[in-house]
Amino acid sequence: MADGRLVDLDEAASRALIHPDRLSELLADLGNVPVAVPVLAVVLVYVTWRHRRTGTDHWWWPAAAAAFLMALVPALIVPLKELTDRPGTPAVPPATGYYPSGHTATAVVAYGAAALLLLPWLRTAPARRTVLVLCAALNLGVAFGLVRRGYHWPLDVVASWCLGTVLMTLLWLFLARGGRDQPK
């Protein structure tokens, strides 16, 4: 995190990628809590309503699990930032606590959980594919924006993707275990 070949590669990649512009700023903003969490909240309300309307047993579980994971993000990210104490890129004011990226983790969990919750309700393969592609595009856009704008090193983003993958896998396993409660 402070020295070595991987950090050298990370810094070299960052130097090559940093080019702050309005588009990178807008893409980075998609990982902000005021943007990503309301998207998840709308999906939570919709999915809960659909489960309740169809008489699904434990209709609140999918939304509660996704909301719990979203609330878990800062509880995991903040201690990791304190533990690693990594400085920011030259494009941001001097400070520490940039590793891992909270914006990336927020985007992965908010958009990923929204996609996982919507999938059972989508009847066609193209609709499911569209939701998954949109989720991936949003997360790639956030990552690109954060690195391009200089808010984060590339490894800050990769670390949050790893954490997000673990959290999304847990949500997917939880939802799959409750498969008998899925819409028909």
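Let me begin by describing the structure that accompanies this report. Please read these numbers as outputs of a predicted model, since none were measured by experiment.

Glancing now at the packing of aromatic side chains. The full count for this structure, using the stated rule, is four aromatic pairs. Relative to Trp60, the ring of Trp59 lies with its centre 5.6 Å away and its plane at 85°, an arrangement referred to as edge-to-face. Since its relative accessible area comes to 27%, Trp59 is described here as partly exposed. Overall, the relative accessible area of 40% leaves Trp60 in the partly exposed class.

At a closest axis distance of 10 Å, the pairing of helix α4 (residues 61-84) and helix α5 (residues 102-118) adopts a crossing angle of 165°. Considered as vectors, α4 and α5 are oriented roughly antiparallel to each other. Viewed along their axes, α4 and α5 form a crossing whose handedness is right-handed. Packed against α4, whose contacting residues are Pro62, Ala66, Leu69, Met70, Val73, Ile77 and Lys81, the element α5 presents Gly102, Ala105, Thr106, Val109, Ala110, Ala113 and Leu117 at the interface. Classifying every residue of the contact of α4 with α5 gives 11 nonpolar, two polar and one charged.

Attention now moves to the nonpolar core. If you look at the biggest cluster of nonpolar residues, it comprises 39 residues, and the most contacted ones within it are Leu40, Val73, Val109, Leu117, Leu167, Met168 and Leu171. Elements with a minimum of two residues in this core: α3 (33-53), α4, α5, α6 (125-149) and α7 (154-177). Setting aside chain neighbours within four positions, we find Leu117 in contact with Val43, Leu44, Val47, Pro62, Ala66 and Leu175.

Before going further, it helps to spend a moment on α4. Spanning 24 residues, α4 covers 34 Å between terminal C-alpha atoms, matching the ideal 34 Å at 1.5 Å per step. Taking the largest bend as the criterion, α4 deviates by roughly 25°, centred on Leu72, and proline Pro74 comes between one and four positions later. Within α4 the residues assigned to the buried category are Pro62, Ala63, Ala65, Ala66, Leu69, Met70, Val73, Ile77, Lys81 and Thr84. Following α4 by one or two positions, Asp85 has its phi on the positive side, about 55°.

Another aspect to go through is a nonpolar patch on the surface. Among the surface-exposed residues, Val166, Leu170, Trp172 and Leu173 lie close enough to one another that they form a single nonpolar patch of about 410 Å² accessible area. Turning to its location among the elements, Trp172 is positioned in helix α7.

Here the focus is the environment of Val142. Tracing the backbone shows Val142 in helix α6. For the pair Val142 and Pro93, spaced 49 residues apart in the sequence, the C-alpha separation amounts to 20 Å. Beyond its immediate stretch of four places on either side in the chain, Val142 contacts Leu27, Ala28, Leu30, Gly31, His103, Thr104 and Ala107.

The terminal C-alpha atoms of α6 lie 35 Å apart, and with 25 residues this matches the ideal 36 Å at 1.5 Å per residue to within 8%. If you check the start of α6, you find a side-chain oxygen 3.2 Å away from the backbone N of Ala127, and it comes from Thr124. Just downstream of α6, Gly150 is the residue with a positive phi angle, here 95°.

Our next topic: the packing of α6 against α7. At their nearest, the axes of α6 and α7 sit 9 Å apart, and the two run at 155° to each other. It follows that α6 is roughly antiparallel to α7 by the angle criterion. Handedness of the α6/α7 crossing: right-handed. Two secondary-structure elements touch here, α6 through Asn139, Leu140, Ala143, Leu146 and Val147 and α7 through Pro154, Val157 and Trp161. Of the residues belonging to the contact of α6 with α7, the class tally is seven nonpolar, one polar and no charged.

Definitions and limits used
- Residues numbered from 1 in each chain as written.
- Predicted model: local features only at pLDDT ≥ 70, side-chain atom pairs only at ≥ 80, totals over all residues.
- Heavy atoms only, no water.
- Phe/Tyr/Trp six-rings, centres within 6.5 Å; stacked < 30°, edge-to-face > 60°.
- Buried < 20%, exposed > 50% of the residue type's maximum accessible area, 1.4 Å probe, protein only.
- Axes fitted to C-alpha atoms, helices over the stretch in contact; angles between N-to-C directions.
- Helix = DSSP H or I, 4+ residues; strand = E, 2+ residues; numbered from the N terminus.
- Parallel < 35°, antiparallel > 145°, perpendicular 65-115°, else oblique.
- Left-handed = near helix turned anticlockwise from the far one by under 90°.
- Contact = heavy atoms within 4.5 Å.
- Nonpolar A, V, L, I, M, F, W, Y, C, P; charged D, E, K, R; others polar.
- Core = buried A, V, L, I, M, F, W, Y, C linked by side-chain atoms within 4.5 Å.
- Expected span 1.5 Å × (residues − 1).
- Bend = angle between axes of the 7 residues up to and from the residue.
- Patch = residues over 30% accessible without salt bridge, like charges linked within 9 Å, V, L, I, M, F, W, Y side chains within 5 Å.
- Areas by Shrake-Rupley, 256 points an atom, 1.4 Å probe, with all protein chains shown as cover.
- Salt bridge = Lys/Arg side-chain N within 4 Å of Asp/Glu carboxyl O.
- Polar contact = N/O pair within 3.5 Å; in protein donor to acceptor, adjacent residues only side chain to side chain.

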